[in-house]
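# A structural walkthrough
One letter stands for each residue in the lines below.
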Amino acid sequence: MPGDDNRIRDRLRWLAQTRGSDVFIVTLSEAGVAAEFTYAEVNLLAGRAASMLRGHGVLKGQTVNLNLANTWHYVVALFACAEIGAVSIPTNPSATIDDMAFIASQSGCVVSVTTSESAETVLAAAEMAPDLRQVFAVGGAVPGTVDFESALGGFEAEPTRSWSSSSDVVTVLYTSGTTGWPKGSRITNANLCIAGDCVSSLLRVRSDDRWLITLPFFHMNALGYSLMSALMSGASVAIVEDPQLADYGQLLQRSGATLASLFSTQVRRILRDAPDESIDTCLPNLIFAQSISESDRSAFGRRFGAELLQVYGLTETLAPTIADRVGAPSDNGSVGVATIWSTVRLVDATGRDVNRGEIGELEVRGVPGYSLAKGYLGDDARSDHRDSEIWFRTGDRMSRDGLGGYRFVGRRADLLKPSVENVSTAEIERVFLEHVCVDDVAVLGILDGHGAEQIVAFVVLRPGEDDASEEELVDFGRDRLAEFKTPARVIVIDRLPRSPVGKIRKADLRSIYSGFVDAE
């Protein structure tokens, strides 16, 4: 069980005392390194920010919105909240007024730290979030806000201990909301320390390693996997406020990164947009999530000299639950094997373990607030488990092969039944991603005019490959899939609707195209 040594603010303070001159944060610009911050400097800035927030009435347990891109301001504000015992609520700076109002209102934010470009949205949302009384702007004050950096300069760090415990919630990460309003996962100090330690173990992170972080800090991947593993290992991070993935090779070279993380959509975009040439980098390992083709995986590795390791995990499970092993053979059809810190099982609808080769729902055992997130904001009945172990239901269906590898079948909602047998949309999507002309794909079950579910594949073609016909793509699927799994229709579209971290918004896709499919 966690002790009170699992606090991210104390970890930063200790590193500042013992290795204060070591670089913790590097910010990148087009020309190279724009700024460097040592552990001692970040610790001092976090102390000043904590004093500033206290000076504006922020108390332990209250919530502070961080509506920021990947900048040093986010990192400083995160640790400042952790010192006070306040809870940071990160949001996407491109969020709509309605999105901001929902999150700020539900979480009861009293202060927001936002970009000057997004301040107008936050101020409009504040009219529907009655607790939000103060807005700080990064990048210059606008009417109704206070300049963050100017305000920071007026406060001194106080020699004080952290006011939060290991079990206290330190941040709330909202899911992408692909099926409705997002849910806020309550993440404790211990959760973040565990996430950092686990990823450090998986990737063998050392103090001389450096993460290139291009994913947003409002997602567990960038926060828990990258930033926290750097903190727990005494390593450093290179952060990019607005990464241009076409320049990914240059970002790797300018940052000197030895570690990086991407989603599959970003891997494909980099291969499409970046120069098709090998680049010398310091990157031995890159972790990725979601499915890519074997050819894209090999091409990325050749181009950037990195071993690609697939990982599977949820915000609620903190660190990768299933992953490829460093330096071990990988099977692109598998998402990896259970990590050494994870206890998992596959169960049927009655909760019984399934046999190897059979499909079941993945469940993960852990303690909420320690090895699992501490439930969801506003759902006290499910959040209070009194430090007892539970089996967390992921909603993801998988099978396990004879070598211990887990094969992702799809979310419960992604299982189709066009006839007698269930069909996995993930399996069909993997097949179409192998087509040389296909850049992106999503498969849905859409009811036809007779109320029967038909399989429809929505395909985005690679630039310059628009001569692939829908009939050709249907035939491609028919040659590789059982008849009952073959899409009845393949519809070529310009792009798939995605969340800020790359998840396909299938509900949006369905609402846009259901009528069109029915009419055909």
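These figures come from a predicted structure and were not determined experimentally.

## Observations concerning the overall build of the chain
A count of helices and strands for the chain gives 15 helices and 25 strands. Here the C-alpha coordinates of the chain stretch approximately 70 × 50 × 45 Å along the principal axes. Across the 520 residues that make up the chain, the buried fraction comes to 58%. Long-range pairs, those at least 24 residues apart, make up 66% of the contacts in the chain between residues at least 6 apart in sequence. A total accessible area of about 21500 Å² is found for the chain, and carbon and sulfur atoms account for 47% of it. Positive and negative side-chain charges in the chain, numbering 49 and 69 respectively, have mean positions lying 7 Å apart.

## Side note on the environment of Leu152
Following the sequence through the fold, Leu152 ends up in helix α6 (residues 148-152). Judged by relative accessible area, which is 4%, Leu152 ranks as buried. Each C-alpha atom, one on Leu152 and one on His219, is 26 Å from the other, the two residues being 67 residues apart in sequence. Beyond its immediate sequence surroundings of up to four residues, Leu152 is in contact with Leu45, Arg48, Ala49, Met52 and Trp72.

## Thoughts on the packing of aromatic side chains
Counted according to the given criterion, the structure contains eight aromatic pairs. When the ring of Phe136 is compared with that of Phe148, the centres are 6.4 Å apart and the planes differ by 85 degrees; the resulting orientation is edge-to-face. Taken as a pair, Phe136 in strand β6 (residues 134-138) and Phe148 in helix α6 lie far apart in primary sequence, 12 residues in all. Judged by its relative accessible area of 0%, Phe136 falls in the buried class. Pairing Phe432 with Phe476 gives two aromatic rings, centres 6.2 Å apart and planes at 55 degrees, and the pair type is tilted. Of this pair, Phe432 sits in helix α13 (residues 425-433) while Phe476 sits in helix α14 (residues 470-480); the two residues are 44 residues apart in sequence, bridging distant segments of the chain. Residue classification places Phe432 among the buried positions, given a relative accessible area of 0%. Aromatic rings pair up to connect Tyr248, Phe300 and Phe304 into one cluster.

## So, unusual backbone geometry
For Arg204, which is not a glycine, the phi torsion comes out positive at approximately 55 degrees. In this fold, Arg204 is placed in the loop between α7 (189-203) and β10 (210-213). Non-glycine residue Leu318 carries a positive phi angle of around 75 degrees. Structurally, Leu318 is set in the loop between β14 (307-312) and β15 (322-323). Here Leu318 falls in the buried class, since its relative accessible area comes to 0%.

## A closer look at the pairing of strand β18 (residues 359-366)
The two faces of the sheet receive side chains in turn, since in a regular strand these alternate between them. Where burial is concerned, most of β18 is hidden: six out of the eight residues are buried. For strand β17 (residues 343-347) and β18, the ladder comprises five bridges, and the chain directions are antiparallel. When the bridges of β18 are listed, Thr343 appears paired with Arg365. Sheet analysis places β18 next to strand β19 (residues 390-400), joined by seven bridges and oriented antiparallel. Bridge pairing in β19 places Val364 opposite Phe392.

## Section: the nonpolar core
Across soluble globular proteins, nonpolar side chains have a tendency to be buried as a group. By size, the foremost hydrophobic cluster in this structure holds 77 residues, and its most contacted members are Ile8, Phe24 and Leu203. Contacts of Phe24, omitting those with residues within four sequence positions, involve Leu12, Phe37, Thr38, Tyr39, Val42, Val75, Phe79, Leu227, Leu231, Ala235, Ser236 and Val237. Listed in part, the 26 residues of the second largest apolar core include Leu212, Ala238, Leu245 and Leu283.

## Focus: the side chain of Ser51
Relative to the elements of secondary structure, Ser51 occurs in helix α2 (residues 39-55). Ser51 sits in the buried class, given a relative accessible area of 5%. With residues near it in sequence (within four places) discarded, Ser51 still touches Phe155, Glu156, Ala157 and Glu158.

## Quick notes on the sheet that holds β17
The four strands are arranged β17-β18-β19-β20 in an open sheet whose pairing can be described as antiparallel. With partners counted over all chains shown, the strands left at the sheet margins are β17 and β20 (406-411), one partner each. Across this sheet, the average inter-strand angle for adjacent strands is 45 degrees, counted without regard to direction. Direction of pairing for β19 relative to β20: antiparallel, over a ladder of five bridges. The partner of Asp396 across the bridge, within β20, is Arg411.

## Let's talk about the sheet that holds β15
The nine strands lie next to each other as β2-β1-β11-β10-β12-β13-β14-β15-β16, forming an open sheet whose pairing is mixed. What marks the edges here is a single partner per strand, and that holds for β2 (32-38) and β16 (337-338). Contacts from helix α11 (residues 294-304) reach β12 (259-263), β13 (285-289) and β14, with the element oriented near 130 degrees to β14.

## So, the packing of helix α1 (residues 8-18) against helix α8 (residues 220-233)
Close contact between α1 and α8 brings their axes to 9 Å; oriented N to C, the two are set at 50 degrees. When the axis of α1 is compared with that of α8, the two are oblique. The way α1 lies across α8 gives a crossing that is left-handed. Listed contacts from α8 to Ile8, Arg11, Leu12 and Leu15 of α1 are Met228, Leu231, Met232 and Ser233. For the contact of α1 with α8, the residue count by class is six nonpolar, one polar and one charged.

## Some words on helix α5 (residues 119-126)
Buried within α5 we find Ala119, Val122, Ala125 and Ala126. The buried side chains of α5 occupy one side of the element, clustering within an arc of 125 degrees when seen end-on. In this structure, the buried residues of α5 make contact with β3 (63-67), α4 (97-107), β5 (109-115) and β6.

## Some words on the pattern of salt bridges
If the charged atoms of two oppositely charged side chains come close together, the side chains can form a pair. For the structure shown, the criterion picks out 21 salt bridges. For Arg478, the salt bridge goes to Asp475, with nearest N and O atoms at 2.8 Å. Linking Arg478 with Asp475, this pair stays in helix α14, spanning three residues, or about one helical turn. Using a relative accessible area of 47% as the deciding quantity, one classes Arg478 as partly exposed.

Criteria and cut-off values
- Residues numbered from 1 in each chain as written.
- Predicted model: local features only at pLDDT ≥ 70, side-chain atom pairs only at ≥ 80, totals over all residues.
- Heavy atoms only, no water.
- Helix = DSSP H or I, 4+ residues; strand = E, 2+ residues; numbered from the N terminus.
- Buried < 20%, exposed > 50% of the residue type's maximum accessible area, 1.4 Å probe, protein only.
- Contact = heavy atoms within 4.5 Å.
- Areas by Shrake-Rupley, 256 points an atom, 1.4 Å probe, with all protein chains shown as cover.
- Lys, Arg positive; Asp, Glu negative; His and termini not counted.
- Charge placed at Lys NZ, Arg CZ, Asp CG, Glu CD.
- Phe/Tyr/Trp six-rings, centres within 6.5 Å; stacked < 30°, edge-to-face > 60°.
- Pairing = 2+ DSSP bridges.
- Core = buried A, V, L, I, M, F, W, Y, C linked by side-chain atoms within 4.5 Å.
- Axes fitted to C-alpha atoms, helices over the stretch in contact; angles between N-to-C directions.
- Parallel < 35°, antiparallel > 145°, perpendicular 65-115°, else oblique.
- Left-handed = near helix turned anticlockwise from the far one by under 90°.
- Nonpolar A, V, L, I, M, F, W, Y, C, P; charged D, E, K, R; others polar.
- Arc of directions from axis to C-beta.
- Salt bridge = Lys/Arg side-chain N within 4 Å of Asp/Glu carboxyl O.

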